[in-house]
Amino acid sequence: MSRISRKSPSDLPAELQPLWDRVEQYGDFGNQAGVMAHRPAIFERTWQMLTQLADEAVLSKRHLELSLVTVSLLNQCTYCVSHHAPKLSVQGVTEAGALDLLNYQQHAELDEVDKLVVEYAIAVTQNWNTTPDAIFKRLKEHFSEAQIVELTWRTALCGAFNRFNDVLQLEIEESVVVQTADP
């Protein structure tokens, strides 16, 4: 059971209710959004940014989801793995493949760029202060600087979401199939 109650769209100021509708289009994150709604400024800034980034689609959905699932597996966040691993199936990575991303070096469903994204997500999550220049050289062969900035931001932000979701023990929405994030 969540440690914090879930607010509903009607609990938000009227000007933020359309943003809740955008959240529902983004995915079934009602429990997370409902907890964030205790602080309308957090709800607003977070979901405005996420929906705007989705609309702009500077980074491919496949690479974004590879990064998010990798971070969530590393941090053992079942809430995020349950929400994001299925999005990888739309991108051509099987459910089993999504749950096995940490074995990326021999992963048959990943190409070299996919493996680089997973490697980078691991670096951002575990070795951020010792990430070698060589990985940036490789990233720049495949991604623009804007894409690298977004990939870095979304990877780091996912770690924050993992902590937010787990420390508050957010319940997974009924429509979402639970996929354990345990190793």
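Residues numbered from 1 in each chain as written. Predicted model: local features only at pLDDT ≥ 70, side-chain atom pairs only at ≥ 80, totals over all residues. Heavy atoms only, no water.

## Description of the overall build of the protein chain
Then step 1. Tallying secondary structure elements over the protein chain gives nine helices and zero strands in all.
Then step 2. Shown N-terminal to C-terminal, the secondary structure of the protein chain runs as helices and strands in the order α-α-α-α-α-α-α-α-α.
Then step 3. Whereas a compact globule of 183 residues would reach a radius of gyration of roughly 16 Å, the protein chain reaches 16 Å, a difference of no more than 12%.
Then step 4. Overall, the protein chain is about 50 × 30 × 30 Å in size when its C-alpha atoms are taken along their principal axes. (Helix = DSSP H or I, 4+ residues; strand = E, 2+ residues; numbered from the N terminus. Rg over C-alpha atoms; globule rule 2.2 N^0.38 Å.)

## A word on helix α3 (residues 40-56)
Then step 1. Between the first and last C-alpha of α3 there are 24 Å, a value that for 17 residues agrees with the 24 Å anticipated at 1.5 Å per step.
Then step 2. Within α3, the full set of buried residues consists of F43, T46, W47, L50, T51 and L53. Buried positions in α3, seen along its axis, are confined to an arc of 160° and lie on one side of it. Structural note: α3 exposes R45 and D55 on the side pointing more than 90 degrees away from its buried face.
Then step 3. Count one or two residues on from α3 and you reach A57, which has phi positive near 50°. (Expected span 1.5 Å × (residues − 1). Buried < 20%, exposed > 50% of the residue type's maximum accessible area, 1.4 Å probe, protein only. Arc of directions from axis to C-beta.)

## Quick word on the nonpolar core
Looking at soluble globular proteins, one finds that nonpolar side chains tend to be buried together.
Then step 1. Counting 30 residues, the largest nonpolar core has L66, L88, L101, L110, V118, L139 and F143 as its most contacted members.
Then step 2. Listed by contribution, the elements that provide at least two residues to this core are α4 (61-74), α5 (78-90), α7 (112-126), α8 (133-140) and α9 (145-167).
Then step 3. Looking at which element gives the most residues to this core, the answer is α7, with eight residues. (Core = buried A, V, L, I, M, F, W, Y, C linked by side-chain atoms within 4.5 Å.)

## Here's the deal with the packing of α7 against α8
Then step 1. With their axes 11 Å apart at the nearest point, α7 and α8 run at an angle of 145° to one another. Handedness of the α7/α8 crossing: left-handed. Along its contact with α7, which presents L116, E119 and Y120, the element α8 presents I135, F136, R138 and L139.
Then step 2. Among the residues forming the contact of α7 with α8, the class breakdown is five nonpolar, no polar and two charged. (Axes fitted to C-alpha atoms, helices over the stretch in contact; angles between N-to-C directions. Left-handed = near helix turned anticlockwise from the far one by under 90°. Contact = heavy atoms within 4.5 Å. Nonpolar A, V, L, I, M, F, W, Y, C, P; charged D, E, K, R; others polar.)

## Some words on the side chain of S67
Then step 1. Along the polypeptide, S67 turns up in helix α4.
Then step 2. The exposure class of S67 is buried, given its relative accessible area of 1%.
Then step 3. Each residue touching S67, except ones within four places of it in the same chain, is listed here: V117, A121, L151 and T155.

## Here we look at the packing of α3 against α9
Then step 1. One way to put it is that α3 packs onto α9 with a least axis distance of 13 Å and a crossing angle of 140°. In terms of axis orientation, α3 runs oblique to α9. Two packed elements cross with a definite hand, and for α3 against α9 that hand is left-handed. Where α3 approaches α9, its residues T46, M49, L50 and L53 are matched on the opposing element by E150, W153, R154, L157 and F161.
Then step 2. Across the contact of α3 with α9, the residue classes tally to six nonpolar, one polar and two charged. (Parallel < 35°, antiparallel > 145°, perpendicular 65-115°, else oblique.)

## As for the pattern of salt bridges
Then step 1. Counting across every chain of the model gives seven salt bridges.
Then step 2. The partner of D114 in a salt bridge is R62, with the nearest N and O atoms 2.7 Å apart. Taken together, the residues D114 in helix α7 and R62 in helix α4 connect sequence positions 52 residues apart.
Then step 3. On the basis of relative accessible area, D114 is assigned to the buried category, the value being 1%.
Then step 4. Among the salt bridges present, the one from E145 reaches K140, with a minimum N-O distance of 3.6 Å. No difference in accessibility class separates E145 from K140, as the two residues are exposed. (Salt bridge = Lys/Arg side-chain N within 4 Å of Asp/Glu carboxyl O.)

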